[in-house]
Amino acid sequence: WLLWLPFVVVDKGSGSTKGTITSVEKNFNGTTALYIKTSENTQEKYCIEFDEELEEKAKELIGQEVKVSYGERVGLYSTGKCSQAPIESIELVK
């Protein structure tokens, strides 16, 4: 039995980020957290939403420098969705 809890998301910051993937972890709601070290002292958290192929690619690229791209997310969403714009692609930086 799942409880449907709606939440509002306003994330208009579409774009991309470069950095080194430090870890990939499953969230309790079924999404996946992707942690990227973007500088010596900064680590950022991004979200993969129900995309096993993208999740596997992220795991394979742990420790590598990547560019992640994400869109916008504005609206009312249910529990089980990313609370920010989900990652759309991950590319290895050469």
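Residues numbered from 1 in each chain as written. Predicted model: local features only at pLDDT ≥ 70, side-chain atom pairs only at ≥ 80, totals over all residues. Heavy atoms only, no water.

Draft legend 1. Spotlight on the overall build of the protein chain. Across its full length, the protein chain holds 1 helix and 7 strands. Walking the protein chain from its N terminus toward its C terminus, one meets helices and strands in the order β-β-β-β-α-β-β-β. Across the 94 residues of the protein chain, 35% fall into the buried class. Here the contacts in the protein chain between residues at least 6 apart in sequence split such that 61% fall between residues at least 24 apart. Accessible surface for the protein chain amounts to roughly 6,000 Å². Of this, 48% is attributable to carbon and sulfur atoms. (Helix = DSSP H or I, 4+ residues; strand = E, 2+ residues; numbered from the N terminus. Buried < 20%, exposed > 50% of the residue type's maximum accessible area, 1.4 Å probe, protein only. Contact = heavy atoms within 4.5 Å. Areas by Shrake-Rupley, 256 points an atom, 1.4 Å probe, with all protein chains shown as cover.)

Draft legend 2. Up close: the nonpolar core. Counting 15 residues, the largest nonpolar core has Ile-21, Leu-34, Ile-87 and Ile-90 as the members making the most contacts within it. Every element with two or more residues in this core is listed here: β2 (15-26), β3 (32-37), β4 (43-48), α1 (52-60), β5 (65-70) and β7 (87-92). Among the elements that take part in this core, β5 stands out by supplying 3 residues, more than any other. With sequence-adjacent residues up to four places away left out, Ile-90 is seen in contact with Leu-34, Ile-48, Leu-54, Lys-57, Ala-58, Leu-61, Val-66, Lys-67 and Val-68. (Core = buried A, V, L, I, M, F, W, Y, C linked by side-chain atoms within 4.5 Å.)

Draft legend 3. Seen up close, the confidence of the model for the protein chain. Across the protein chain, pLDDT averages 84, with 82% of residues at or above 70. At the low end of the mean pLDDT range in the protein chain sits strand β1 (residues 7-11), at 56; at the high end sits α1, at 96. (pLDDT = per-residue confidence, 0-100.)

Draft legend 4. Structural context of the pattern of salt bridges. Overall, the coordinates contain 3 salt bridges when judged by the stated rule. A salt bridge links Glu-55 to Lys-26, with the shortest nitrogen-to-oxygen separation between them at 3.2 Å. One end of the pair, Glu-55, is in helix α1; the other, Lys-26, is in strand β2, with 29 residues separating them in the sequence. If you follow the salt bridges from partner to partner, you end up with Lys-26, Glu-55, Glu-56 and Lys-59 in one network. (Salt bridge = Lys/Arg side-chain N within 4 Å of Asp/Glu carboxyl O.)

Draft legend 5. Layout of the side chain of Thr-17. Note that Thr-17 resides in strand β2. Residue classification places Thr-17 among the buried residues on the basis of a relative accessible area of 11%. A polar contact is formed between the side chain of Thr-17 and the side chain of Tyr-70, at a distance of 3.2 Å. Non-local contacts of Thr-17, meaning those with residues more than four positions away in its chain, are made with Thr-38, Glu-44, Tyr-46, Val-66, Lys-67, Val-68 and Tyr-70. (Polar contact = N/O pair within 3.5 Å; in protein donor to acceptor, adjacent residues only side chain to side chain.)

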